[in-house]
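Structural characterization, general
Spelled out, the chains give:
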Amino acid sequence: KHAAKIRLDNVKQSQERDKDKADRATAELVLDQRTRMILLQMINRGVVNEIHGAISTGKEANVYGAVLYPDDGSEPIQRAIKIYKTAILVFKDRERYITGEHRFKAGADKGNNRKMVKLWAEKEFRNLRRLHAAGIACPEPLMLKLHVLVMEFLGDKRGYAYPRLRDARFAGDDIDQQWRNLYIQLLGIMRRLYQVCKLVHADLSEYNILYNDDRLYIIDVSQSVEHDHPRALEFLRMDIKNVGDFFRRQGVDTLQDRAIFNFITA
Ligand code: ATP
Ligand code: MN
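What you are looking at is a predicted structure, and each value in this text was computed from that prediction instead of being measured. (Residues numbered from 1 in each chain as written. Chains lettered and ligands numbered in written order. Predicted model: local features only at pLDDT ≥ 70, side-chain atom pairs only at ≥ 80, totals over all residues. Heavy atoms only, no water.)

Protein coordination at the manganese ion (ligand 2): the donors are N208 (OD1) and D220 (OD), at 2.2 Å from the metal. Of the two residues, N208 sits in the loop between strand 7 (199-200) and strand 8 (209-212) while D220 sits in the loop between strand 9 (215-218) and strand 10 (225-226), which places them 12 residues apart along the sequence. For N208, a relative accessible area of 8% corresponds to the buried category. (Donors = N, O, S within 2.8 Å, 3.2 Å for Na, K, Ca; no water. Helix = DSSP H or I, 4+ residues; strand = E, 2+ residues; numbered from the N terminus. Buried < 20%, exposed > 50% of the residue type's maximum accessible area, 1.4 Å probe, protein only.)

Here is the structure:
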């Protein structure tokens, strides 16, 4: 059986990205004693066997690659672990998403940062479950413990994550058609998200969509709100604008924001 190990400092990067020292320091800062305990627990429970380097180090969370080696000797399974940062300053902007969220009325407590971060992770976990249940391509959520979320890895077997839509490159002579198809696909996803999941993403852009093999995957739904959230439609208009701006830059002849809004909500 594979020895369980955490390799948090000197690790094989699953994505080749330039990282300066400050970046690496940020990556390790998030792994306080409590976080390490949770990761060890996940290893002991056989959710993952190895935790690798950061796929992404962001303002509010870091995402790590991880691997599970199944007991039956079958192929290793890649996983992703999102660890929300518990530092205080980062979360000041979240208020507007939480306020008006009836799912979080009881727990929301601005004074208790750790609790807020836990709620945030919970929100992402539950939202991912809804997307997954509705058949929207996204990482399947697998396990949640406080501010640590384990999910399906969106990438290849070697641990290379799919590119963000922003970085997607196509080959062939029908590139315009491919962009058009992706645009139509995304409008369908946004409608389904609204109509079936009853959610508005609220941070939808080419940065929170991964691309592989003609398919779009929605990620980063911790700030997504219920469709009856007081600011849901405002957030939806923002999402529609971001998406439209991006696809226009790719040369797609986009529909008017107004028409898209009606298509999604009608
Ligand atoms: P930031 O503060 O940088 O915006 P974030 O909180 O927005 O971080 P995400 O957008 O969920 O975090 O993830 C950051 C990046 O990690 C994504 O752009 C993507 O490249 C990678 N990533 C996230 N989840 C997965 C996954 N399940 N599989 C593969 N890669 C992932
Ligand atoms: Mn993101």
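A few words on the pattern of salt bridges. On inspection of all chains with the given rule, the structure shows 12 salt bridges. One salt bridge connects R166 with D167, and the closest N-O pair in it is separated by 3.1 Å. Among the ionic pairs, E234 bridges to R231, the shortest N-O distance being 2.9 Å. Judged by relative accessible area, which is 39%, E234 ranks as partly exposed. Residue classification places R231 among the partly exposed residues on the basis of a relative accessible area of 31%. Ionic contacts of the salt-bridge type, sharing partners, join the residues K82, E124 and D220 into one network. (Salt bridge = Lys/Arg side-chain N within 4 Å of Asp/Glu carboxyl O.)

With that settled, the discussion passes to the packing of aromatic side chains. A full pass over the atoms with the stated rule returns seven aromatic pairs. Between F170 and Y211 the ring centres are 5.1 Å apart and the planes differ by 75 degrees, which places this aromatic pair in the edge-to-face class. Linking F170 in the loop between strand 6 (148-152) and helix 5 (175-195) with Y211 in strand 8, this pair joins segments that are 41 residues apart in sequence. When sorted by exposure, F170 lands in the same class as Y211, which is buried. Through successive ring pairs, a cluster of aromatic residues spans F170, W179, Y183, Y211, F246 and F247. Note that R191 overlies the ring of F263, its terminal NZ or CZ placed 5.3 Å from the centroid. (Phe/Tyr/Trp six-rings, centres within 6.5 Å; stacked < 30°, edge-to-face > 60°. Lys NZ or Arg CZ within 6 Å of the ring centre and 35° of its normal.)

What follows covers the environment of D228. Residue placement: D228 occurs in the loop between strand 10 and helix 6 (232-249). By relative accessible area, which is 48% here, D228 ends up partly exposed. It is 8.2 Å that separates the C-alpha atoms of D228 and K198, two residues lying 30 residues apart in sequence.

The values are spatial; any link to function lies outside them.
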